[in-house]
Amino acid sequence: MLAQLQRLITLSLVAAAFGWLFWFLGDSPFLAVAGFLAIALGYTVFLALEFVVLHHVNKRDPEPRPSWGELLRAWLGETLTAPRVFCWRQPFRMNVVPDQLAPADALQARRGVVFVHGFFCNRGLWTPWLQRVRASGRAFVAVNLEPLFGSIDDYAPQIDEAVRQVTEATGLPPLLVCHSMGGLAVRAWLKRMRAESRVFHVVTIGSPHRGTWLARFGHGHNGRQMRLQSDWQAQLDHEMPADRHTLFTCWYSNCDNIVFPTSTATLPGANNRLIRGAAHVQMAFLPEVMDATLAMLEREPG
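Residues numbered from 1 in each chain as written. Predicted model: local features only at pLDDT ≥ 70, side-chain atom pairs only at ≥ 80, totals over all residues. Heavy atoms only, no water.

Our next topic: helix 6 (residues 127-136). Note: α-helices contain 3.6 residues per turn, so residues at a spacing of three or four share the same orientation. Those residues of helix 6 that fall on the buried side of the exposure criterion are T127, P128, W129, L130 and V133. In the segment just after helix 6, G137 is the residue with positive phi, at about 80°. (Buried < 20%, exposed > 50% of the residue type's maximum accessible area, 1.4 Å probe, protein only. Helix = DSSP H or I, 4+ residues; strand = E, 2+ residues; numbered from the N terminus.)

In structure tokens, the structure reads:
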């Protein structure tokens, strides 16, 4: 469903941009090019507004405030990254790297990975990660969280099945790698299934563990759950083991244009790792994040 929607959006924008260009090119080349660029690059204006808002909202946050130079660098990074994800990988290349679970004998005793994407995303987000893990010969499953605007709690069965598949293929608890809302989905699964023993480690990248200011504009079920100080957020850790956050490494940025204030992407007791000057989607593909996360797979059982 999401891939079809994003294909429609992408193709409509391309058609509109080139339609404008060729319609006005003969009479007014300047108007033709200006309109083309406005349609093709209009999303950058919305990105810029997000960075301005986060700079204002972060004034009272205890984490380091970004400089305008860092915000500019993050804006440029997200401007380049977002189209590759939302206009190419997710709508057109979602299944270019299929899950790897067989042959089982080659995967046994080598830890596998479960990838969990975030809001308004699908498994195509993870394509560069999947290519690296496939090349290493390890098992992996990248889930597609559905329904698109459903409750985060309802994603637990999908995550549970993915963990079961990778564990059966390898004989080891998997590493879970999550982006944005995916980190909340994994925490909801851990709570529902009491599944700490089934997990090697959980890595979250830009996950709104304490909600996000921007979610006030979300009207779907999962959007409301991600609001700051929501009832769902308050209940997420209720009656859970006090030390469960030691399972987590949380990558977060002072320039995250989706999850802010900055500190909301951290968890008490977790290995919280700050990256300066990186945007929300861009952060998931930084070599520092990818290399450190995949290096965890080398911690083989003794």
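Applying the stated criterion to the full structure yields one cavity of 30 Å³ or more. One number sums up the size of the largest cavity: a volume of about 40 Å³. As for the largest cavity, its lining consists of H117, G118, F119, F120, C121, L145, L148, Y155, M181 and N222. (1 Å grid on protein atoms, 1.4 Å probe; cavity = no way out; pocket = protein on both sides within 12 Å on 5 of 7 lines; lining within 4 Å. Points joined across faces, edges and corners; volume = space filled by probe spheres on them.)

Time to look at the packing of aromatic side chains. We describe a pair of aromatic rings using the distance from one ring centre to the other and the angle between the two ring planes. In this structure the tally under the stated criterion is eleven aromatic pairs. Measuring from ring centre to ring centre gives 6.1 Å for F18 and F22, while their planes differ by 25°; the resulting arrangement is stacked. On the criterion of helical spacing, the pair formed by F18 and F22 is a turn pair, its members being four residues apart in helix 1 (residues 2-24). A relative accessible area of 58% places F22 in the exposed class. Consider the rings of W213 and F260, whose centres lie 5.8 Å apart with planes at 25°: the pair is stacked. Taken together, the residues W213 in the loop between strand 4 (201-205) and helix 9 (221-225) and F260 in the loop between strand 5 (248-253) and strand 6 (271-275) connect sequence positions 47 residues apart. Judged by relative accessible area, which is 0%, F260 ranks as buried. By way of ring pairs, the aromatic residues F18, F22 and F36 are connected into one cluster. Lying over the aromatic face of F200, R111 brings its terminal NZ or CZ to 3.8 Å of the ring centre. (Phe/Tyr/Trp six-rings, centres within 6.5 Å; stacked < 30°, edge-to-face > 60°. Lys NZ or Arg CZ within 6 Å of the ring centre and 35° of its normal.)

A few words now on the side chain of D256. Looking at where D256 falls in the secondary structure, it is placed in the loop between strand 5 and strand 6. For D256, which is buried and forms no salt bridge, the nearest opposite charge comes from R187, at a distance of 14 Å. Within the structure, D256 has its side chain in polar contact with the side chain of H280 (distance 2.9 Å). Apart from the residues within four sequence positions on either side, D256 is in contact with L54, G206, A278, H280 and M283. (Lys, Arg positive; Asp, Glu negative; His and termini not counted. Salt bridge = Lys/Arg side-chain N within 4 Å of Asp/Glu carboxyl O. Polar contact = N/O pair within 3.5 Å; in protein donor to acceptor, adjacent residues only side chain to side chain. Contact = heavy atoms within 4.5 Å.)

Scanning the model with the defined rule gives eleven salt bridges in all. Among the salt bridges present, the one from D160 reaches R198, with a minimum N-O distance of 2.6 Å. One end of the pair, D160, is in helix 7 (residues 156-170); the other, R198, is in the loop between helix 8 (181-193) and strand 4, and 38 residues separate them in sequence. Residue classification places R198 among the partly exposed positions, given a relative accessible area of 28%. Of the charged contacts in the structure, one is a salt bridge between E168 and R164, with a shortest N-O distance of 2.8 Å. Of this pair, E168 and R164 both sit in helix 7, four residues apart, which is roughly one turn of that helix. For E168, a relative accessible area of 54% corresponds to the exposed category. Residue R164 is classed as partly exposed on the basis of its relative accessible area of 31%. Each of the salt bridges in this network shares a partner with another, and the network as a whole consists of R187, E196, R210, D237 and R244.

This next bit is on the packing of helix 6 against helix 11 (residues 287-295). Interhelical geometry of helix 6 versus helix 11 gives an angle of 40° and a closest axis separation of 12 Å. The angle between the axes of helix 6 and helix 11 places the two elements in the oblique class. Once helix 6 is placed against helix 11, the crossing between them reads as right-handed. Here P128, W129, R132 and V133 of helix 6 come into contact with helix 11, specifically with V289, M290, D291, T293 and L294. (Axes fitted to C-alpha atoms, helices over the stretch in contact; angles between N-to-C directions. Parallel < 35°, antiparallel > 145°, perpendicular 65-115°, else oblique. Left-handed = near helix turned anticlockwise from the far one by under 90°.)

These figures capture arrangement, not role.
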